[in-house]
Amino acid sequence: MQILENYSLRELNTFGFEAAARYFVEVHSAEEVLEALRFVQHHDLPLLLLGEGSNVILADDIAGLVLKLGNAGIEVVGDDEHSVTLRIGAGQNWHQLVCWCLAQGYYGLENLSLIPGSVGAAPVQNIGAYGVELKDVFHSLEAVDCQKHELVTLNRADCLFGYRESLFKGGGRGRYIICHVNLTLSTVPEANTQYGAIADELGRRGLEETPQSVSEVVCQLRRSKLPDPTEIGNAGSFFKNPVINNHHCEALKQQFPGLVAYPEAQGFSKLAAGWLIEQCGWKGVREAHVGVHEQQALVLVNYGAGTAEELLALAARIRTSVQERFGVILEMEPTIYPG
Ligand SMILES: Cc1cc2nc3c(=O)[nH]c(=O)nc-3n(C[C@H](O)[C@H](O)[C@H](O)COP(=O)(O)OP(=O)(O)OC[C@H]3O[C@@H](n4cnc5c(N)ncnc54)[C@H](O)[C@@H]3O)c2cc1C
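Cut-off values and rules
- Residues numbered from 1 in each chain as written.
- Predicted model: local features only at pLDDT ≥ 70, side-chain atom pairs only at ≥ 80, totals over all residues.
- Heavy atoms only, no water.
- Helix = DSSP H or I, 4+ residues; strand = E, 2+ residues; numbered from the N terminus.
- Contact = heavy atoms within 4.5 Å.
- Domains from an automatic or database assignment.
- Buried area = accessible area lost by both parts, 1.4 Å probe.
- Pairing = 2+ DSSP bridges.
- Axes fitted to C-alpha atoms, helices over the stretch in contact; angles between N-to-C directions.
- Polar contact = N/O pair within 3.5 Å; in protein donor to acceptor, adjacent residues only side chain to side chain.
- Phe/Tyr/Trp six-rings, centres within 6.5 Å; stacked < 30°, edge-to-face > 60°.
- Buried < 20%, exposed > 50% of the residue type's maximum accessible area, 1.4 Å probe, protein only.
- Salt bridge = Lys/Arg side-chain N within 4 Å of Asp/Glu carboxyl O.

(A) Up close: the environment of Leu47. Structurally, Leu47 can be placed in strand β3 (residues 47-50). Considering only alpha carbons, one finds Leu47 and Phe24, 23 residues apart in sequence, at a separation of 9.8 Å. In this view, Leu47 contacts Leu37, Val40, Leu65, Leu67 and Ile177; residues no more than four positions away in its chain are not counted.

(B) Just the domain arrangement of the protein, in detail. Considered domain by domain, the protein is made up of domain 1 (4-69), domain 2 (74-186) and domain 3 (233-337). Spacing between the C-alpha centres of domain 2 and domain 3 amounts to 27 Å. Between domain 2 and domain 3, the contact holds six residues from the first and eight residues from the second. Carbon and sulfur atoms make up 38% of the area that domain 2 and domain 3 hide from each other, which totals about 570 Å².

(C) The sheet that holds strand β13 (residues 233-237), seen in detail. Strand order across the open sheet formed by four strands is β13-β19-β18-β17, with antiparallel pairing between neighbours. Because the sheet does not close on itself, it has two edges, and the strands there are β13 and β17 (286-287). The sheet contacts of helix α7 (residues 308-326) involve β17, β18 (290-292) and β19 (299-302), and relative to β18 the element is tilted by about 30°.

(D) Inspection of the side chain of Asn234 at higher detail. Structurally, Asn234 can be placed in strand β13. At a separation of 3.2 Å, a polar atom in the side chain of Asn234 contacts the main-chain carbonyl oxygen of Pro227. If we skip the residues at most four places from it in the chain, Asn234 touches Thr14, Phe15, Pro227, Asp228, Pro229, Val299, Leu300 and Val301.

(E) Expanded view of the packing of aromatic side chains. Under the criterion given, the structure shown has eleven aromatic pairs. Taken together, a centroid distance of 5.2 Å and an interplanar angle of 15° make the contact between Phe15 and Phe17 stacked. Each member of the pair, Phe15 as well as Phe17, is classed as buried. Judged by centre distance (5.0 Å) and plane angle (80°), the rings of Phe138 and Phe161 are edge-to-face. Linking Phe138 in strand β10 (residues 138-145) with Phe161 in the loop between β11 (150-155) and β12 (176-186), this pair joins segments that are 23 residues apart in sequence. Accessibility assignment for this pair places Phe138 and Phe161 in one class, buried. Put simply, the rings of Phe15, Phe17, Phe238 and Phe239 pair up and form one aromatic cluster.

(F) Quick peek at the sheet that holds strand β6 (residues 74-79). Overall, antiparallel pairing links the five strands, which are arranged β6-β7-β12-β10-β11 in an open sheet. Every interior strand has two partners, whereas the edge strands, β6 and β11, have only one. Ignoring strand direction, the axes of neighbouring strands in this sheet form an average angle of 25°. Judged from the six bridges that link them, β10 and β11 form a sheet pairing that is antiparallel. Looking across to β11, one finds that Glu142 is bridged to Thr153.

(G) Main features of the pattern of salt bridges. What the rule picks out here adds up to 15 salt bridges. Arg10 serves as the salt-bridge partner of Glu18, at 3.8 Å between the closest nitrogen and oxygen. Under the relative-accessibility criterion, Glu18 is labelled partly exposed at 48%. Here Glu333 ties to Arg164 by a salt bridge, and the two come within 3.6 Å at their closest N and O atoms. Linking Glu333 in the loop between α7 and β20 (335-337) with Arg164 in the loop between β11 and β12, this pair joins segments that are 169 residues apart in sequence. One exposure class covers both Glu333 and Arg164, and it is buried.

Dropping the structure here:
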């Protein structure tokens with residue numbers, strides 16, 4: 001384990017913001033995680049975990065240790081007639097996992113194809129897309145508990161998964177370093193086409209409903225809608241889709257007949273944040289070196305020389321205008337560091 005000093009994180013965050021870590025280390029096992037933990041305790045330093053940096057905003061230098069999990073790898077640890085359970089290293093790339101599972105005949109991740117990032121970060125915001133969330137296939141995870149300094153196993157109920165939420169963003173923030181994630185996948189090739197755009201696209205292309213074709217269509221839809229972070233800095237959706245009560249939703253529908261809303265749990269509706277932002281005239285707006293993507297109002301971008309300060313100022317103006325027009329408060333999806 002080699003701890004590096006004054007390490008540039010520019011290549012390690014998909015916005016491409018310049019920020020330096022006082023110390024940086026890539027670890028490959030729970031033992032190395034514990035060793036890194038002893039280092040931060042001994043030097044009384046803050047600790048920041050970084051996966052592939054696709055859901056963070058590095059707003060300044062990090063005056064502590066940045067720890068990246070580098071342990072990739074997938075193993076089958078259980079199976080029965082219709083399912084397998086996989087144990088996956090936190091450093092494994094998510095989309096490569098999806099592709100590997102499809103090739104093996106393990107199903108359930110297709111709708112989550114092409115989401116950037118690492119497996120270790122996937123439970124943090126319970127990644128989701130096209131009608132599926134990580135929690136749907138989640139079995140358990142193994143993490144180092146930074147309070148107890150020991151390896152713990154957390155099951156689905158422990159993780160408190162919600163829409164882009166979990167224990168790791170809430171009460172357990174900063175407490176757990178996820179080392180392995182265990183998923184249970186089906187060996188029955190059933191396609192999940194409940195999300196309208198998938199069914200439409202399969203029909204339009206005359207494709208059969210198979211897990212493979214769903215993955216193909218999801219990849220194509222994502223490529224057509226979202227900017228590639230290797231070309232334009234971004235972190236995908238910048239704001240969460242806000243959830244409001246049905247009373248408020250009905251009142252908004254009266255006033256704005258085009259409002260895009262989906263029923264949620266009892267008495268609540270989820271609004272399309274991108275639609276709200278677009279209605280406020282932000283789509284395609286560029287300010288200095290940052291802006292709102294031309295095809296997707298929910299995605300804020302760094303055109304290259306932008307700073308986190310510029311981006312956050314733009315985000316604040318967008319939030320204010322949506323609140324003034326619709327009375328809805330937008331919550332940011334990426335996490336800002338230093339916090
Ligand atoms: C173009 C684009 C499209 C996207 N589309 C989607 C989408 O459809 N759905 C969706 O849900 N997300 C989406 N995202 C967001 C992002 O891909 C996910 O949140 C992903 O899980 C982040 O993985 P990462 O490895 O890059 O995590 P990072 O950005 O490095 O970290 C994210 C958070 O997790 C913490 N973390 C990282 N690793 C660990 C670990 N091992 N243990 C504990 N905490 C850890 C970090 O401290 C940080 O708080 C998109 C992003 C981009 C750029």
